[in-house]
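# Observations on the model geometry
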Amino acid sequence: GDSVTQTEGPVTVSESESLIINCTYSATSIAYPNLFWYVRYPGEGLQLLLKVITAGQKGSSRGFEATYNKETTSFHLQKASVQESDSAVYYCALSNSGGSNAKLTFGKGTKLSVKS
Amino acid sequence: AQTIHQWPVAEIKAVGSPLSLGCTIKGKSSPNLYWYWQATGGTLQQLFYSITVGQVESVVQLNLSASRPKDDQFILSTEKLLLSHSGFYLCASRDWGVEQYFGPGTRLTVL
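This text gives an overview of the structure that appears in the document.

Cut-offs used in this document
Residues numbered from 1 in each chain as written. Chains lettered and ligands numbered in written order. Predicted model: local features only at pLDDT ≥ 70, side-chain atom pairs only at ≥ 80, totals over all residues. Heavy atoms only, no water. Contact = heavy atoms within 4.5 Å. Salt bridge = Lys/Arg side-chain N within 4 Å of Asp/Glu carboxyl O. Helix = DSSP H or I, 4+ residues; strand = E, 2+ residues; numbered from the N terminus. Nonpolar A, V, L, I, M, F, W, Y, C, P; charged D, E, K, R; others polar. Buried < 20%, exposed > 50% of the residue type's maximum accessible area, 1.4 Å probe, protein only. Phe/Tyr/Trp six-rings, centres within 6.5 Å; stacked < 30°, edge-to-face > 60°. Pairing = 2+ DSSP bridges. Axes fitted to C-alpha atoms, helices over the stretch in contact; angles between N-to-C directions. Core = buried A, V, L, I, M, F, W, Y, C linked by side-chain atoms within 4.5 Å.

### Structural notes on the interface of chain A and chain B
Between chain A and chain B, the residue contacts involve 20 residues of the former and 20 residues of the latter. For the pair chain A and chain B, the number of links is one salt bridge. For A:K51, the salt bridge goes to B:E99, with nearest N and O atoms at 2.7 Å. Only β5 (34-40), β6 (46-52) and β11 (104-106) of chain A provide two or more residues apiece to the side of chain A that touches chain B. Sorting elements by how many residues they give to the side of chain A that touches chain B places β5(A) first, with four residues. Split into classes, the residues belonging to the side of chain A that touches chain B amount to nine nonpolar, seven polar and four charged.

### Quick notes on the pattern of salt bridges
All names here are of chain B. Tallied over the entire structure, the rule returns six salt bridges over all chains. For K26, the salt bridge is made with D72, and the minimal N-O distance between the two is 2.9 Å. Highlighted residues: K26 in strand β3 (residues 19-26) and D72 in the loop between β7 (65-70) and β8 (73-78), separated in sequence by 46 residues. The residue D71 makes a salt bridge to R68 at a minimum N-O spacing of 3.5 Å. Taking relative accessible area as the criterion, D71 reaches 27% and is therefore assigned partly exposed.

### Re the packing of aromatic side chains
Under the definition given, this model contains 11 aromatic pairs over all chains. Taken together, A:F36, A:Y38, A:Y91, A:F106, B:Y36 and B:F102 form an aromatic cluster joined through their ring pairs.

### Quick word on the sheet that holds β3(B)
Residues and elements named next belong to chain B. On the basis of which strands lie adjacent, the open sheet formed by four strands has the order β1-β3-β8-β7 and antiparallel pairing. Of all strands in the sheet, those bounded by a partner on one side alone are β1 (3-7) and β7. The average undirected angle you get between the axes of adjacent strands in this sheet is 20°. Of the strand pairs in this sheet, β1 and β3 are connected by five bridges, and their pairing is antiparallel. Each residue of the ladder has a partner; that of T3, found in β3, is K26.

### Some words on the sheet that holds strand β8 (residues 64-67) of chain A
Residues and elements named next belong to chain A. The four strands are arranged β3-β9-β8-β7 in an open sheet whose pairing can be described as antiparallel. Each of the sheet's edge strands pairs with one partner strand only, and the pair in question is β3 (19-21) and β7 (58-61). Put simply, the sheet's adjacent strands are angled 20° from each other on average, direction ignored. Of the pairings in the sheet, the one linking β3 to strand β9 (residues 77-79) comprises three bridges and is antiparallel in character. From the neighbouring strand, I20 faces β9, where its bridge partner is Q78.

### Focus on the nonpolar core
Core analysis: the largest hydrophobic core is formed by 26 residues, its most contacted members being A:L19, A:W37, A:L49, A:L50, A:F75, A:L77 and A:Y90. Secondary structure elements with two or more residues in this core: β2 (11-14), β3, β4 (23-26), β5, β6, β8, β10 (88-95) and β12 (110-115) of chain A. Broken down by element, this core gets its largest block of residues, four residues, from β10(A). Beyond its immediate sequence surroundings of up to four residues, A:L19 is in contact with A:V11, A:V13, A:F64, A:L77, A:Q78, A:K79, A:V82 and A:L112. Judged by nonpolar contacts, the second largest core, of 19 residues, contains B:I4, B:F74, B:L76 and B:V110.

### Details of the pairing of strand β9 (residues 87-94) of chain B
In regular strands, side chains alternate between the two faces of the sheet. Residue and element names in this part refer to chain B. The buried fraction of β9 amounts to eight of the eight residues, a majority that puts the element mostly inside the structure. Of the strand pairs in this sheet, strand β4 (residues 32-38) and β9 are connected by seven bridges, and their pairing is antiparallel. When the sheet's bridge partners are listed, N32 is paired in β9 with R94. Taken together, the three bridges between β9 and strand β11 (residues 106-110) define a ladder with antiparallel strand orientation. Bridge pairing links Y89 to T106 in β11.

In structure tokens form, the structure reads like this:
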């Protein structure tokens, strides 16, 4: 089946430092899955951070970016300078379909703590 | 913009007791709906999906069932809870795009 592996947390970085959370995927049900990063801030629900549906493209949001690399089957999340408000749990996910039965396969999540 | 409401926020139940969790979607007609579950320390996994009223497909067998009695409502239930049912349950909705939007979730503890 499909699977997603991401950086095991928790990850702690200082404010204004750079961040990378690694994500690699294995998709057996579809050649080019849709890729997503979701985020759960403390006390809030799971929300979409960014998505990329075309291999080779980059997605960005709130200063975060991720590039869909089909050669290395990776979708790493990066930010040049983190803020304390970025403290959250980040989930990498893939979708096996664009149809109604689309299933999201998630990584285990990476808890990020940003120190001021 | 669509909003997703889930109830209850949290539940503590005894093994063998029945369960019903609910999800209501506002602001979108005829959405595709999904139930996900995350065991403590585990990975979020999809349990069911529904594309229309009265139709539900099971993705993972966990001795749970789901129903869609109305266009904007999705129910997850079981007649007999197991310890292994503990965890976090999320309802999700999808409209025309490929992304799914999630509700706030229900925390279930089975004792």
